[in-house]
Amino acid sequence: EIAVRYRLEDFATPVEILTRTPRTLDGAPTSVHLPHRARFVAATSVVRPHGYAVPAAMAAHLERHGLTVGAAAPATVDASIARVEAVGREAGRGILEAGDFGDLSVAWRDERRALPPGYRVVTTSQPLGAIAVYLCEPESDDGAIENGVVGAVAAGDDFPIWRVHA
């Protein structure tokens, strides 16, 4: 499994911070103990699919990350399609560079679909395939929407990137 969403937790032991009382250069040396909030824990993980069917802009984005993306061709694929159930906001995400859009909750369904014009397929068995998973999954911390590669979605929409079965 590959983690695509994380939550931030405290380490078990607080960290000691050296300071002064009062907080001026001539204050007496002292220290305070604060929670050490720097432990990233997987909140959502997925099993690596065979690949993803992606729109042209996402294909170009993946290629810039060093992934090989198959040529555009009219094809029909067996895929899992994510329907957006809700768009929420996870507390504490503001510390990350991503976080402008919000968190997606999705429900998956399997279908046989024709690829829309311009769509291409990227497989995840290649050496950088884990990057494709992280960027293409709808529930990822830093995926296609957060990177501005595909437009925002609303509850009831189908996510524009599909998991492709072998």
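Residues numbered from 1 in each chain as written. Predicted model: local features only at pLDDT ≥ 70, side-chain atom pairs only at ≥ 80, totals over all residues. Heavy atoms only, no water.

1. Topic: the confidence of the model for the protein
As a reminder, the rule being used: A score between 0 and 100, pLDDT records how confident the predictor is in each residue. Contacts between residues were defined by any pair of non-hydrogen atoms, one from each residue, lying within 4.5 Å.
Mean pLDDT for the protein: 89, with 92% of residues reaching 70 or above. Contacts from residues 91-95, a stretch scored under 50 in pLDDT, to residues over four places away or in other chains number seven contacts.

2. Quick word on the packing of aromatic side chains
Just so we agree on the cut-off: Side-chain rings of Phe, Tyr and Trp, where Trp is taken by its six-membered ring, are said to pair if the distance between their centres is within 6.5 Å; with planes under 30 degrees apart they count as stacked, over 60 as edge-to-face, and otherwise as tilted. Every helix listed is a DSSP run of H or I at least four residues long, and every strand listed is a run of E at least two residues long, numbered separately from the N terminus. A 1.4 Å probe rolled over the protein chains alone gives each residue an accessible area, and that area as a share of the maximum for its type sets the label: buried under 20%, exposed over 50%, partly exposed in between. Here, over-ring charges are defined by two tests on the NZ atom of lysine or the CZ atom of arginine: distance to the ring centre within 6 Å, and angle to the ring normal within 35 degrees.
Overall, the coordinates contain one aromatic pair when judged by the stated rule. Each ring, one from Y119 and one from W162, has its centre 5.5 Å from the other, and the planes form 35 degrees; the classification is tilted. Linking Y119 in the loop between β7 (103-114) and β8 (120-123) with W162 in strand β9 (residues 162-164), this pair joins segments that are 43 residues apart in sequence. Taking relative accessible area as the criterion, Y119 reaches 11% and is therefore assigned buried. The exposure class of W162 is buried, given its relative accessible area of 4%. Lying over the aromatic face of W108, R163 brings its terminal NZ or CZ to 3.7 Å of the ring centre.

3. Considerations on the pattern of salt bridges
Note the cut-off: What counts as a salt bridge is simple: a side-chain nitrogen of Lys or Arg found within 4 Å of a carboxyl oxygen of Asp or Glu.
Within the structure shown, the criterion is met by 13 salt bridges. Between R112 and D78 there is a salt bridge, with its nearest N and O atoms 3.0 Å apart. Here D78 lies in strand β6 (residues 76-88) and R112 lies in strand β7, a separation of 34 residues in the sequence. What makes R112 exposed here is its relative accessible area of 55%.

4. Let's talk about helix α1 (residues 56-64)
In plain terms, the rule: For this quantity, the arc is that covered by the directions from the helix axis to the C-beta atoms.
Residues of α1 that are buried: M58, A59, H61 and L62. The buried residues of α1 occupy an angular sector of 160 degrees when projected down its axis, which confines them to one face. Close packing links the buried residues of α1 with β5 (51-54), β8 and α2 (129-136). Just downstream of α1 lies G66, where phi reads positive at about 90 degrees.

5. Describing the packing of α1 against α2
What counts is decided by this rule: To get an axis, a line is fitted to the C-alpha atoms, and for a helix only the part in contact is used. The angle between two axes follows their N-to-C directions and goes from 0 to 180 degrees. An angle below 35 degrees is treated as roughly parallel, one above 145 as roughly antiparallel, one from 65 to 115 as roughly perpendicular, and anything else as oblique. Crossing handedness is read from the near helix: turned anticlockwise from the far helix by less than a right angle, it gives a left-handed crossing, and turned clockwise, a right-handed one. Here the nonpolar group is Ala, Val, Leu, Ile, Met, Phe, Trp, Tyr, Cys and Pro; Asp, Glu, Lys and Arg are the charged ones; every other residue, Gly included, is treated as polar.
At a minimum axis separation of 11 Å, α1 and α2 run at an interaxial angle of 140 degrees. In terms of orientation, α1 lies oblique with respect to α2. As α1 packs across α2, the resulting crossing turns out to be right-handed. Contacts between α1 and α2 involve M58, H61 and L62 from the first element and A132, L135 and C136 from the second. Residues that form the contact of α1 with α2 fall into these classes: five nonpolar, one polar and no charged.

6. Quick word on the sheet that holds β9
Formally: Only when DSSP finds a minimum of two bridges between them are two strands counted as paired.
Read from one edge of the open sheet, five strands run β7-β6-β9-β5-β8, paired in antiparallel fashion. Each edge of the open sheet is held by one strand with a lone partner, namely β7 and β8. Within the sheet, the average angular offset between the axes of one strand and its neighbour, ignoring direction, is 30 degrees. Direction of pairing for β6 relative to β7: antiparallel, over a ladder of 12 bridges. If you follow S80 over to β7, its bridge partner there is D110.

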